[in-house]
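# Structure assessment
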Amino acid sequence: MESADVANDLTEVLLTEQQIRDRIAAMCREIERDYEGRDLLLIGVLKGAVMVMADLARELKRDVEMDWMAVSSYGAGTQSSGVVRIVKDLDTDLAGRHVLIVEDIVDSGLTLSWLRSNLQSRGPASVEICALLRKPEAAKIEIDARYVGFEIPNAFVVGYGLDYAERYRNLRDVSVLAPHVYA
Ligand code: PRP
């Protein structure tokens, strides 16, 4: 669906489908250059990263492997707790692998900080982060993400995989949720 389909629940469109597509294509050209001659394993973090993983992986002009993890950070609320639990682990052995974590958003940074050190402890050749969105003002921990699509304001955003209480993930664009929806 598009933001116009649920216009009453949103205050503004932050990133259009076209802007997201163009930025992902540019990130893919960087990734292709940086990983030339090396095998690459993309790790998507469920559920938010489903859209960016699907589009990024298909835009890449090279072969990659994909695996998925599910971690829980903050359920149906709007604040990160910093408590991370593995809900579904990888099927892949990371030893010697070049790993690129694919995320929809770095918010407080707590999830990715924990995840990166967890994956690093499994003996990979490298671990880097690709996040479509980052909220610099919300950072509680600085995350060194090699690829960042867009820096966005500290607003409650939904769409393109990002949810509020499991809704709005299927929005094609990224929009700001109207306060009356979650107040
Ligand atoms: C979101 C997002 C990141 C995390 C970022 O996931 O996908 O994993 O929060 O927040 P942080 O930087 O403050 O840790 P969420 O826990 O909402 O799960 P979901 O992907 O299933 O929506």
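All values derive from a computational prediction rather than experimental measurement. (Residues numbered from 1 in each chain as written. Predicted model: local features only at pLDDT ≥ 70, side-chain atom pairs only at ≥ 80, totals over all residues. Heavy atoms only, no water.)

Bringing the pattern of salt bridges into the picture now. Going through the model one piece at a time under the given rule, you end up with 17 salt bridges. R122 is paired through a salt bridge with D89; the nearest N and O atoms lie 3.0 Å apart. Of this pair, R122 sits in the loop between helix 3 (110-120) and strand 6 (126-134) while D89 sits in the loop between strand 4 (85-88) and strand 5 (98-106); the two residues are 33 residues apart in sequence, bridging distant segments of the chain. Looking at R122, the relative accessible area reads 24%, which means it is partly exposed. With a relative accessible area of 35%, D89 lands in the partly exposed category. Here D107 ties to K135 by a salt bridge, and the two come within 3.5 Å at their closest N and O atoms. A residue pair is termed long-range when its members are at least 10 positions apart, and D107 in the loop between strand 5 and helix 3 and K135 in the loop between strand 6 and strand 7 (147-151) qualify at 28 residues. A relative accessible area of 19% means that D107 is categorised as buried. A network of salt bridges, in which partner residues are shared, links D34, R116, E128 and R146. (Salt bridge = Lys/Arg side-chain N within 4 Å of Asp/Glu carboxyl O. Helix = DSSP H or I, 4+ residues; strand = E, 2+ residues; numbered from the N terminus. Buried < 20%, exposed > 50% of the residue type's maximum accessible area, 1.4 Å probe, protein only.)

Every buried residue of helix 3 is accounted for by L110, T111, L112, L115, R116, N118 and L119. At its buried positions, helix 3 is contacted by strand 2 (41-46), strand 3 (65-72), strand 4, strand 5 and strand 6. (Contact = heavy atoms within 4.5 Å.)

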